[in-house]
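Each chain, written out:
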Amino acid sequence: MASLALAVRVAIALSTQGFFQPDEYFQALEPAHHYVFGYGHLTWEWVSPAPLRSIIYPALNIPPFWLIKTLGLDARYPELLIAGPRVVHGLLAGITDIGIREITRRVLNDAFVPTAYFVSLTSLFHSLSLSRSMSNSLETSLTTAALSYYPWNNARSIQVQSTRMRMCIVFAGLACAIRPTNAIIWVYMFGVLFLRLGLRLSQGFILIRDCCVVGGMTTLAVFVLDSAFYGKPTLSLLNFLRVNASPVSLFYGSSPWHYYLSQALPILCSTSLPFVLHGMHLAVQNNEKNLKTMFGCIFWTLAVFSFVGHKEWRFLHPLLPMLHIFASRSLVELYHCSAKAEVKVPREKNAISKTLSLPIRTQDLCLLLLSVPALLYVVFFHCVGQIKVMSYLRSLPPENLASVGFLTPCHSTPWQAYLHRPELAAPGRMWALGCEPPLGLQHPSDYKDQTDIFYEAPLEYMRTHFPSRVDTSYPPSAFPSSVPNVTFVETLQVMEQSSRSWDLGWRHEWPQYIVLFGALLREPGVLDLFRNQSYEEVWKGGFEWEGEGQRRGAVRVWKHIR
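Keep in mind that what you see is a predicted model, and the values were worked out from it rather than measured.

Asker: Just checking my understanding: could you explain the overall build of the chain for this structure?
Answerer: Scanning the chain from terminus to terminus reveals 25 helices and five strands. Here the C-alpha atoms of the chain give a radius of gyration of 26 Å, agreeing with the 24 Å that 2.2 N^0.38 yields for 562 residues. With the principal axes as the frame, the chain shows a C-alpha extent of 80 × 50 × 50 Å. When each of the 562 residues of the chain is scored for burial, the buried share is 54%. If you take every contact in the chain between residues at least 6 apart in sequence, the share linking residues at least 24 apart comes to 79%. Working note: accessible area of the chain is about 23900 Å², and carbon and sulfur atoms make up 62% of it. Across the chain, 46 positive and 38 negative side-chain charges occur, with their mean positions spaced 10 Å apart.

Written out as structure tokens, the structure is:
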């Protein structure tokens, strides 16, 4: 059964055609590509005076990149640079499906395992996100692995389960190293365990000691790796927490307190949501301690995250395996109730019942499988233009690819990890609009980044920041976007106290190729400007109806015709 999970997740990883989140590329693949090949785009989190990102997660992509480079295959078969990391992350994603089987077996019993496994394998959000190179995905796998070693049966002492308990702490520590906010889950889970120990002070001491040792070693390892990567003492975990607790995080959007309840949970659970809620009801009604512990963990994590202004669906991804276990509790109960047989959750292992069939009612199975068409869509068709455009550019001969400019919202496409064109690595040869956050400002709500300024008046921006005519030698742009270093922060602080215009005087050259969304062509005067500058459309990918705002109208490539 483990091989099935690994095969499914690797297949999904290799089959995924579309774009989901920029972090998949710019916080994982690009840093690894930059490390191995010496070029690639590093976002502000990597180059700011106090770096936020640890190399520990992108380092997972270094071995496949290094192997492909060592074998000399990157120039002949650049597609391997895409497939290699996908296989790695597909295998890591399989840990979630394997782990949920063990958790279900320990929390409920073997009768519920096939159902939980099925719900996990057919999960819409897992298909969308779990096999991608995003830190939340690995965080989910590591959290699930840790929970599979958690001492759910508190009748046995920690001393008897010392090896399993330490494995739980190690996986929890790794999850926190990947995403420091994962500690919110373990504050609750280890807090509950400590309370259950009661007056058994020696076992409580063992728990605290092991947590401190593993936590200290993990923090030290991250500090050493990051300091070696950045060339200076760096504790990225602290920087990450400090910035995300500051108003800077709100620059990327804020949501109401009920966002996770009203939007994230329905999206994560999709068609299993009714069964998740029913399973929670059964757990509370029947006083099932292990499931009530899970319920408390979910409620606690939701409550804490709801106090943070910046919210995203994927931040709750580590909770999804627990939600699937609640769904399995409901589905099996409903199945046996329909056969007029009550399922009781046994408290001792010798009471375990086994079944080889899938205990799900036909109508419930049909409801669950309604997500399959959506699953196929997000894997094969969702936002494919943003990925395929890089394949198109990669297919062009080097002598016909002098420069590329991306007049799109920032980070709308992958970068060198998907393109792998060293001739475009020189500064200004390939550029995109920036969206650096308001670092060091006292009133960040008034700030506008380069993307904001461009889309306020695209025609005016191109008239003032581009030359009047195209230089057919296509020279690199002198200052196409900002670099968020110390000078950038100081400049923003000066502008806040003076002009507050936020235009840093970017200077572009007209590139040979312009990548844009169709929505830009509908802006007044833009289409005429491109035509007057002798540009014409040579490629189009994706669907015009998908996306929102400035990302509508499909992805287009316009080329300058001499």
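Asker: I tried to follow unusual backbone geometry on my own but got confused; where do I start?
Answerer: Trans is the common state for peptide bonds, and a negative phi is the common state for residues other than glycine. For Cys-383, which is not a glycine, the phi torsion comes out positive at approximately 50°. One non-glycine residue, His-411, adopts positive backbone phi at about 60°. Along the chain, His-411 turns up in the loop between β1 (404-407) and α20 (416-419).

Asker: Explain the confidence of the model for the chain to me, please; I cannot follow it from the model alone.
Answerer: Do not read the fine detail of predicted coordinates wherever pLDDT is low. Of all residues in the chain, 95% attain a pLDDT of 70 or more, and the chain-wide mean is 91. Predicted confidence for residues 347-356 stays below pLDDT 50, and this span has 10 contacts to residues more than four positions away or in other chains.

Asker: How do you make sense of the state of the cysteines when you look at a structure like this?
Answerer: By definition, a disulfide links two cysteine residues through a covalent bond between their sulfur atoms. The final tally for this structure, using the stated rule, is one disulfide. Here Cys-410 connects covalently by a disulfide to Cys-435, the sulfurs 2.0 Å from one another. On the S-S bond that ties Cys-410 to Cys-435, the torsion sits near 90°, and the link is right-handed. With a gap of 25 residues between them, Cys-410 in the loop between β1 and α20 and Cys-435 in the loop between β2 (430-432) and α21 (450-456) connect regions that are remote in the sequence. Just so you know, Cys-176 is unpaired, no disulfide at all, and the nearest cysteine sulfur is the one on Cys-211, 9.9 Å from it. Here Cys-212 is not disulfide-linked; the sulfur of Cys-211 is the nearest cysteine sulfur, at 6.9 Å.

Asker: What should I look at first to understand the pattern of salt bridges in this one?
Answerer: Any two side chains of opposite charge can pair if their charged atoms end up close together. If you walk through the whole model with that rule in mind, you get 20 salt bridges. In this structure, the salt-bridge partner of Glu-24 is Arg-132, at a minimum N-O distance of 2.8 Å. Of this pair, Glu-24 sits in helix α2 (residues 23-37) while Arg-132 sits in the loop between α7 (124-130) and α8 (135-149); the two residues are 108 residues apart in sequence, bridging distant segments of the chain. Glu-24 gets classed as buried once you look at its relative accessible area, which sits at 5%. Two residues, Arg-164 and Glu-102, come together in a salt bridge whose shortest N-O distance is 3.9 Å.

Asker: How should I be thinking about helix α15 (residues 289-306) in this particular structure?
Answerer: Taking 1.5 Å per residue, 18 residues should reach 26 Å; α15 reaches 25 Å between its end C-alpha atoms and fits that length. Among the residues making up α15, those that are buried are Asn-290, Leu-291, Thr-293, Met-294, Gly-296, Cys-297, Ile-298, Thr-301, Leu-302, Phe-305 and Ser-306. Packing partners of the buried residues in α15 comprise α5 (80-107), α10 (183-197), α13 (259-269), α14 (273-285) and α16 (320-338).

Asker: What exactly am I supposed to notice about the packing of aromatic side chains here?
Answerer: Centre-to-centre distance and the angle between the planes together describe a pair of aromatic rings. For the structure shown, the criterion picks out 26 aromatic pairs. Judged by centre distance (6.5 Å) and plane angle (25°), the ring pair of Tyr-377 and Trp-545 falls under stacked. Here Tyr-377 is found in helix α18 (residues 371-380), whereas its partner Trp-545 is found in the loop between β4 (535-541) and β5 (555-560), with 168 residues between them in sequence. Looking at Trp-545, the relative accessible area reads 51%, which means it is exposed. With a centroid separation of 5.7 Å and an interplanar angle of 20°, the aromatic rings of Tyr-392 and Trp-539 are classed as stacked. Separated by 147 residues along the polypeptide, Tyr-392 in helix α19 (residues 385-395) and Trp-539 in strand β4 bring together distant segments of the chain. Judged by its relative accessible area of 17%, Trp-539 falls in the buried class. Taken together, the aromatic side chains of Trp-431, Phe-466, Trp-510, Phe-530, Tyr-535 and Trp-558 make up a single cluster linked through ring pairs. Its guanidinium or amino end placed over the ring of Tyr-117, Arg-101 lies 4.8 Å from that ring's centre, counting from NZ or CZ.

Asker: Please explain the nonpolar core as it appears in this structure.
Answerer: One recurring pattern in soluble globular proteins is that nonpolar side chains are buried together. Ranked by internal contacts, the top residues of the largest apolar core, which has 65 residues, are Tyr-150, Trp-186, Phe-190, Met-294 and Leu-316. Setting aside residues no more than four positions away along its own chain, Trp-186 makes contact with Thr-143, Ala-146, Leu-147, Tyr-150, Cys-168, Ala-172, Cys-176 and Gly-191.

Asker: What's the story with the environment of Leu-250 in this structure? I'm lost.
Answerer: Note that Leu-250 resides in the loop between α12 (236-244) and α13. Given a relative accessible area of 42%, Leu-250 falls into the partly exposed group. In sequence terms Leu-250 and Leu-14 are 236 residues apart; their C-alpha atoms lie 34 Å from each other. Filtering out sequence-adjacent residues up to four positions away, Leu-250 remains in contact with Gly-309 and His-310.

Asker: Would you take a moment to explain the sheet that holds β4 for this structure?
Answerer: Hydrogen bonds along the backbone pair up the strands of a sheet, which may run parallel or antiparallel. Strand order in this open sheet of five strands is β2-β1-β3-β5-β4, and the pairing throughout is mixed. On the outer flanks of this sheet lie β2 and β4, each paired with one strand and no other. Ignoring which end each strand starts from, the neighbouring axes of this sheet average 20° apart. Bridge count for β1 against β2 is three bridges, and the pairing is parallel. Bridge assignment links Gly-405 to a residue of β2, and that residue is Trp-431. Sheet strands in contact with α19 are β1, β3 (513-517), β4 and β5, and its direction is about 120° off that of β4.

Cut-offs and rules
Residues numbered from 1 in each chain as written. Predicted model: local features only at pLDDT ≥ 70, side-chain atom pairs only at ≥ 80, totals over all residues. Heavy atoms only, no water. Helix = DSSP H or I, 4+ residues; strand = E, 2+ residues; numbered from the N terminus. Rg over C-alpha atoms; globule rule 2.2 N^0.38 Å. Buried < 20%, exposed > 50% of the residue type's maximum accessible area, 1.4 Å probe, protein only. Contact = heavy atoms within 4.5 Å. Areas by Shrake-Rupley, 256 points an atom, 1.4 Å probe, with all protein chains shown as cover. Lys, Arg positive; Asp, Glu negative; His and termini not counted. Charge placed at Lys NZ, Arg CZ, Asp CG, Glu CD. pLDDT = per-residue confidence, 0-100. Disulfide = S-S within 2.5 Å. Salt bridge = Lys/Arg side-chain N within 4 Å of Asp/Glu carboxyl O. Expected span 1.5 Å × (residues − 1). Phe/Tyr/Trp six-rings, centres within 6.5 Å; stacked < 30°, edge-to-face > 60°. Lys NZ or Arg CZ within 6 Å of the ring centre and 35° of its normal. Core = buried A, V, L, I, M, F, W, Y, C linked by side-chain atoms within 4.5 Å. Pairing = 2+ DSSP bridges. Axes fitted to C-alpha atoms, helices over the stretch in contact; angles between N-to-C directions.

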